[in-house]
Amino acid sequence: MKKDKISVIMPVYNTEKYLKRCLDSIVEALKNFKYNYEVLVINDGSTGNEEKIIKEYLNSEFFYFKKENGGLANTKNFGIEKSRGLYLSFIDSDDYIDENFYNEAFDKYITKDNLNDIVVYDWETIDVKNNSSYVVEAKNLKYSDDKKGCMDCMIMPSSCNKIVKKELFFNLRFPDGYIYEDLGTTPILFCRTNKIKYINKPYYKYYLSESSIMRSSFNEKNLQMIDIFDILFKRLELEDKLNYDEKSKIIYEVFTRRFYESILEPMAGLSFKKRYKLLRILSKKINKIKALLKNNYYLKLEINKNNFIKKISNKFLMFSLFNNFIFILSLIITKRLYYKLLHIKYTSIQDEVK
């Protein structure tokens, strides 16, 4: 008996080369699906033969929308508005999914008595350049709790390796006009429920092509992540289910992991001149984020002998950022100082309180 429904939202922009593979994988994953579903394929102003390919798949469950180019966040939001499902799934059109992506989630973890609001999968990175593949886990396994573990991992923000109950998007959309739109949205979804199930299987296939953004050199556009932090933290302030301390922990962990791993580490490899220029912009942006300036986990963490150097180094780094000490920052972020001398790297709240 068909009693549940999912909306699969697939933004498409200039991915003609990979489109059939993605669509075929969705067809295969839904072939034996027991419940109602719809697939919304949204052409975000592609300039190739995407429309012709998409129209080959249209039927009573596959729907096609064509719109002017507005970016990935805009297209996802368009899909949310058009969707009729109880659950949402976002699939990037240059990636693909395993045939069990939907069936296992619904049969075991959604339609049972203990309904889950979010189901999270690992992903497998298909690295074209190096002709290799590797699995990226979607949970930090030092936590037993799925929610905490999935919150504190590098690929937490991704919307593509998750199935999410639509009602969690109430008054919430992806930040329009920005890259890193998932980072401004997914943590809020996690905050709105405790019914989260992690499945340790790489059912999402992330295709790392030659032109992937992950291969592009770090530049000023990447600093939009700081703007997204500001949007995220302002949204977090409005979430009434969390107390002040819970919000402070989330701000600390979400910011530090991405700040160190996605901003500082790429900057370490830049020339001094380019790094100096970007750090000036970075410091200016960060000083506008009030949630960081008043966060207790940056200002008042107790120092203990187990990670004394790391904590002092991190505090000095943040102090330099907040006070625009650009030359000192640039020296800190050279690989020699950053890794070998100061031992600066991401640490979670769990690590800090040991």
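Each remark here, short or long, concerns the structure printed above.
Residues numbered from 1 in each chain as written. Predicted model: local features only at pLDDT ≥ 70, side-chain atom pairs only at ≥ 80, totals over all residues. Heavy atoms only, no water.

1. Looking at the overall build of the protein chain
So, point 1. Along its length, the protein chain carries 15 helices and nine strands.
So, point 2. Here the C-alpha radius of gyration of the protein chain, 21 Å, is about what a compact globule of 354 residues would show, namely 20 Å.
So, point 3. Expressed along its principal axes, the backbone C-alpha trace of the protein chain runs to roughly 60 × 45 × 35 Å.
So, point 4. Counting the 354 residues in the protein chain, one finds 56% classified as buried.
So, point 5. Taking as baseline every contact in the protein chain between residues at least 6 positions apart, the subset at least 24 positions apart corresponds to 75%.
So, point 6. With an accessible surface of roughly 16,900 Å², the protein chain has 51% of that area assigned to carbon and sulfur atoms.
So, point 7. Between the averaged position of the 60 positive side-chain charges in the protein chain and that of its 47 negative side-chain charges there is a distance of 5 Å. (Helix = DSSP H or I, 4+ residues; strand = E, 2+ residues; numbered from the N terminus. Rg over C-alpha atoms; globule rule 2.2 N^0.38 Å. Buried < 20%, exposed > 50% of the residue type's maximum accessible area, 1.4 Å probe, protein only. Contact = heavy atoms within 4.5 Å. Areas by Shrake-Rupley, 256 points an atom, 1.4 Å probe, with all protein chains shown as cover. Lys, Arg positive; Asp, Glu negative; His and termini not counted. Charge placed at Lys NZ, Arg CZ, Asp CG, Glu CD.)

2. Overview of the side chain of Glu 124
So, point 1. Inspection of the secondary structure puts Glu 124 in strand β6 (residues 118-127).
So, point 2. Engagement of the side chain of Glu 124 in a polar contact is seen with the side chain of Ser 133, the distance being 3.2 Å.
So, point 3. Residues contacting Glu 124, with those up to four places away along its chain left out, are Ser 133, Tyr 134, Val 135, Pro 202, Tyr 204, Lys 205 and Tyr 206. (Polar contact = N/O pair within 3.5 Å; in protein donor to acceptor, adjacent residues only side chain to side chain.)

3. Observations regarding the pattern of salt bridges
So, point 1. Going through the model one piece at a time under the given rule, you end up with 20 salt bridges.
So, point 2. In this structure, Asp 227 and Lys 285 form a salt bridge, with 2.8 Å as the shortest nitrogen-oxygen distance. One end of the pair, Asp 227, is in helix α7 (residues 224-237); the other, Lys 285, is in helix α9 (residues 272-286), and 58 residues separate them in sequence.
So, point 3. For Asp 227, a relative accessible area of 23% corresponds to the partly exposed category.
So, point 4. Ionic contacts of the salt-bridge type, sharing partners, join the residues Lys 76, Glu 181 and Asp 182 into one network. (Salt bridge = Lys/Arg side-chain N within 4 Å of Asp/Glu carboxyl O.)

4. Some details on unusual backbone geometry
So, point 1. If you check the backbone angles, Asn 171 has positive phi at about 55° while not being a glycine.
So, point 2. Topologically, Asn 171 is positioned in the loop between β8 (162-165) and α6 (186-191).
So, point 3. Located in the positive-phi region is Tyr 180, a residue other than glycine, with phi close to 60°.
So, point 4. Counting through the fold element by element, Tyr 180 comes out in the loop between β8 and α6.

5. Structural notes on the packing of helix α8 (residues 244-268) against helix α12 (residues 308-322)
So, point 1. One can describe the packing of α8 onto α12 by two numbers: an axis separation of 14 Å at closest approach and a directional angle of 75°. Overall, the two elements α8 and α12 adopt an arrangement that is roughly perpendicular. The residues of α12 that touch α8, namely those facing Phe 255, Phe 259, Tyr 260 and Leu 264, are Asn 314, Leu 317, Met 318 and Leu 321.
So, point 2. Taken together, the residues of the contact of α8 with α12 break down into seven nonpolar, one polar and no charged. (Axes fitted to C-alpha atoms, helices over the stretch in contact; angles between N-to-C directions. Parallel < 35°, antiparallel > 145°, perpendicular 65-115°, else oblique. Nonpolar A, V, L, I, M, F, W, Y, C, P; charged D, E, K, R; others polar.)

6. Things to note about the pairing of strand β7 (residues 132-136)
So, point 1. Bridge analysis of β6 against β7 gives five bridges, and the strand direction is antiparallel. When the sheet's bridge partners are listed, Trp 123 is paired in β7 with Val 136.
So, point 2. The antiparallel pairing of β6 with β7 creates a hairpin that spans four residues between the two strands, and Asn 131 there sits at a positive phi of about 50°. (Pairing = 2+ DSSP bridges.)

7. Section: the nonpolar core
So, point 1. Among the nonpolar cores identified, the biggest contains 106 residues, and Ile 26, Tyr 102, Ile 163, Phe 259, Met 267 and Leu 282 are the most heavily contacted of them.
So, point 2. The greatest single-element share of this core, amounting to 10 residues, is contributed by α8.
So, point 3. Once you skip the residues sitting within four places of it in the chain, Tyr 102 turns out to touch Ile 6, Val 8, Ala 29, Leu 30, Phe 33, Ser 89, Ile 91, Ile 97 and Ile 163. (Core = buried A, V, L, I, M, F, W, Y, C linked by side-chain atoms within 4.5 Å.)

8. Observations regarding the packing of aromatic side chains
So, point 1. On inspection of all chains with the given rule, the structure shows 23 aromatic pairs.
So, point 2. Geometrically, the ring pair formed by Tyr 35 and Phe 106 is tilted, given 5.7 Å between the ring centres and 35° between the ring planes. Taken as a pair, Tyr 35 in the loop between α1 (16-30) and β2 (36-44) and Phe 106 in helix α4 (residues 101-110) lie far apart in primary sequence, 71 residues in all.
So, point 3. By relative accessible area, which is 7% here, Tyr 35 ends up buried.
So, point 4. In this structure Phe 106 comes out as buried when scored by relative accessible area, which is 0%.
So, point 5. Between Phe 259 and Tyr 260, the ring centres sit 5.6 Å apart and the planes meet at 50°, which makes this aromatic pair tilted. (Phe/Tyr/Trp six-rings, centres within 6.5 Å; stacked < 30°, edge-to-face > 60°.)

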